[in-house]
Amino acid sequence: MKRSFNVTGACDPQLHYMVDIRNRLSEIKELVDQGAYFTINRARQYGKTTTLNALKKYLSNEYVVLSTDFQLFSNASFENEYRFAKDFSDELLFTQNIPDKIRAQLEVFAAEGDRQCDLRRLFRCLSDWCAISEKPIVLMIDEVDSATNNQVFLDFLAQLRGYYIHREERSAFQSAILAGVYDVKNLRRKIRSDDEHKVNSPWNIAADFNIDMSFSKSEIADMIWKYENDYHTGMDIDMMAGLIFDYTSGYPFLVSKICKLMDEKICRKDKEDLERKRWTKNGFDEAIRMILSEKNTLFESLIGKLTNYPELNAMLKALLFTGKNIVYNADNMAIDNATMFGFIKNQNGVVAIANRIFEMRLYNLYLSTSEMQNQDIYKY
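The rules behind the values
Residues numbered from 1 in each chain as written. Predicted model: local features only at pLDDT ≥ 70, side-chain atom pairs only at ≥ 80, totals over all residues. Heavy atoms only, no water. Core = buried A, V, L, I, M, F, W, Y, C linked by side-chain atoms within 4.5 Å. Buried < 20%, exposed > 50% of the residue type's maximum accessible area, 1.4 Å probe, protein only. Helix = DSSP H or I, 4+ residues; strand = E, 2+ residues; numbered from the N terminus. Contact = heavy atoms within 4.5 Å. Expected span 1.5 Å × (residues − 1). Phe/Tyr/Trp six-rings, centres within 6.5 Å; stacked < 30°, edge-to-face > 60°. Lys NZ or Arg CZ within 6 Å of the ring centre and 35° of its normal. 1 Å grid on protein atoms, 1.4 Å probe; cavity = no way out; pocket = protein on both sides within 12 Å on 5 of 7 lines; lining within 4 Å. Points joined across faces, edges and corners; volume = space filled by probe spheres on them. Nonpolar A, V, L, I, M, F, W, Y, C, P; charged D, E, K, R; others polar. Pairing = 2+ DSSP bridges. Axes fitted to C-alpha atoms, helices over the stretch in contact; angles between N-to-C directions. Polar contact = N/O pair within 3.5 Å; in protein donor to acceptor, adjacent residues only side chain to side chain.

A. Molecular detail of the nonpolar core. Grouped together as the largest cluster of nonpolar side chains are 84 residues, with contacts concentrated most on Trp279, Leu316, Phe343 and Ile344. With nine residues, the single largest contributor to this core is helix α9 (residues 252–267). If we ignore the near neighbours within four places in the chain, the residues touching phenylalanine 343 are Leu302, Lys305, Leu306, Leu312, Leu316, Ala338, Ala352, Ile353, Ala354, Phe358 and Leu362. By size, the runner-up hydrophobic cluster in this structure holds 41 residues, among which are Val144, Leu178, Trp203 and Ile205.

Below is the structure:
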């Protein structure tokens, strides 16, 4: 029996009730097989790390997978290319079955101080590894947002781009996969003290990643069927999956959060079998009330974006309170940011709030502000 639904960190199918993502992994593998370099850029807590962990295992029979997480790097790692090359080499040493020649070189890079190894030497070593490897090599880097405001990261992307372009002449990675919230192809971050901004990056070689990572109603139903098979609550699985999908539009964190609340806060609160049978419409409504009133990392992240991006905040207010249709235009910075952060979706060419829970949470937030409290509607 699995332990729980999980909303913190990556999910493990041995421990957690989770959606079967094998079809998604198969689609991603097609991109890898084609030799694509791409970014999995999705909103916070959208299952990116879980997908990468599963993908590493899924590819392991056919590929050597070099996997790291930029969260493991300190700010000092990005001070200059020499320190980055040193720390990156150190992380790669955790990879299994490194050829002796390559391991010896990486150990030298990881041990030496600044100015002994730069990005150029590092990538020559990686190219040599690709040349002698029995299997094609795939590079995966999670949480690239940790580095996207840094010139060293742009230089790193430039090296990846250079080897991609010249891979007929120089051995290179079969595929490179970056994961984060921001679309690395269009960086808009301050990276120099003179307030000059980078809008484009060397990652313009990247293929489009159009794979749907949200959960369908049938996928949600399959997940809660596994739970039902363990606990025998007597729930109406089709009805419950439909309710969850209707309120979340398949946003992975919200799906798991509702299930976790139903399981741990509602059904188990008296630790009686009868309480377990509260996987009903009434129990679901109670879970929605809980999720709308609680603080959690996803909502805190989203609300923070409203302060940091005033044009996004203004657009969402207009969308919720004016009733006007806003044409979906990806070239509009507010719309592009709102999509990237997960607030909205393209619904038949028109901007729509991503799901009912976000819509309700935003309404509650805006209606509680002093600006709205001073409107005439509150004076009667």
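Moving on, there is more to tell.
B. Helix α5 (residues 119–132), seen in detail. Relative to the 20 Å expected for 14 residues at 1.5 Å per residue, α5 spans 20 Å between its end C-alpha atoms, a close match to the ideal helical length. Within α5, burial applies to Leu119, Leu122, Phe123, Cys125, Leu126, Ser127, Trp129 and Cys130. Packing partners of the buried residues in α5 comprise β4 (64–69), α3 (81–92), α4 (100–111), β5 (137–142) and α6 (151–165).

C. Region of interest: the packing of aromatic side chains. Applying the stated criterion across every chain, the model contains 31 aromatic pairs. Residues phenylalanine 5 and tyrosine 227 carry aromatic rings whose centres are separated by 5.4 Å and whose planes lie at 35° to one another, so their mutual orientation is tilted. A residue pair is termed long-range when its members are at least 10 positions apart, and phenylalanine 5 in strand β1 (residues 4–5) and tyrosine 227 in helix α7 (residues 217–231) qualify at 222 residues. Given the relative accessible area of 0%, tyrosine 227 is considered buried. With a centroid separation of 5.3 Å and an interplanar angle of 70°, the aromatic rings of phenylalanine 84 and phenylalanine 156 are classed as edge-to-face. With a gap of 72 residues between them, phenylalanine 84 in helix α3 and phenylalanine 156 in helix α6 connect regions that are remote in the sequence. Taken as a pair, phenylalanine 84 and phenylalanine 156 share a single burial class, namely buried. Aromatic ring contacts, followed pair by pair, group Phe70, Phe73, Phe78, Phe84, Phe88, Phe123, Phe153, Phe156 and Tyr163 into a single cluster. Looking at arginine 170, its charged tip hangs above the ring of tyrosine 163, at a distance of 5.9 Å from the centre. The residue whose ring lies beneath arginine 356 is tyrosine 247, and the NZ or CZ to ring-centre distance is 4.0 Å.

D. Quick look at empty space enclosed by the protein. All told, the structure shown has two cavities of 30 Å³ or more when counted by the stated rule. A volume near 60 Å³ is recorded for the largest cavity. Forming the boundary of the largest cavity are Tyr37, Phe123, Leu126, Ser127, Cys130, Leu160, Tyr163, Ser171, Ala172 and Phe173. For the lining of the largest cavity, the secondary-structure elements that each account for two or more residues are α5 and α6. Take the lining of the largest cavity: its biggest share by element is four residues, from α5. Looking at the lining of the largest cavity residue by residue, the class counts come to eight nonpolar, two polar and no charged. Roughly 40 Å³ of internal volume is contained in the second largest cavity. Lining the second largest cavity are Phe299, Leu302, Ile303, Phe343, Phe358, Arg361 and Leu362. Going through the elements one at a time, α12 (297–308) and α15 (356–367) are the ones with two or more residues in the lining of the second largest cavity. Looking at the lining of the second largest cavity residue by residue, the class counts come to six nonpolar, no polar and one charged.

E. Broad picture of the sheet that holds strand β3 (residues 37–41). An order of β3-β6-β5-β4 is seen for the four strands of this open sheet, with the pairing classed as parallel. Every interior strand has two partners, whereas the edge strands, β3 and β4, have only one. With strand direction ignored, the average angle separating the axes of adjacent strands in the sheet is 15°. Alignment of β5 against strand β6 (residues 175–180), held across four bridges, turns out to be parallel. Bridge pairing in β6 places leucine 139 opposite alanine 176.

F. Molecular detail of the pairing of β5. By the criterion of burial, β5 is predominantly enclosed, with six of the six residues buried. Burial along β5 is two-sided: the residues Ile137, Leu139 and Ile141 and Val138, Met140 and Asp142 are all buried. Note that β4 and β5 share six bridges and pair parallel. Counterpart to aspartate 69 in the pairing with β5 is aspartate 142.

G. Layout of unusual backbone geometry. Here asparagine 97, not a glycine, exhibits a phi torsion of approximately 55°, which is positive. When you line up the elements, asparagine 97 lands in the loop between α3 and α4. Look at serine 249: it is not a glycine, yet its phi comes out positive at around 55°. Note that serine 249 resides in the loop between α8 (237–248) and α9. Residue classification places serine 249 among the partly exposed residues on the basis of a relative accessible area of 23%.

H. Structural context of the environment of lysine 217. Assignment of secondary structure puts lysine 217 in helix α7. Taking relative accessible area as the criterion, lysine 217 reaches 33% and is therefore assigned partly exposed. On a C-alpha basis, the gap between lysine 217 and alanine 241 in space is 5.7 Å, while along the polypeptide they are 24 residues apart. Sequence-distant contacts of lysine 217, defined by excluding residues within four places in its chain, comprise Asp238, Ala241, Gly242 and Phe245. At a separation of 3.2 Å, a polar atom in the side chain of lysine 217 contacts the side chain of aspartate 238.

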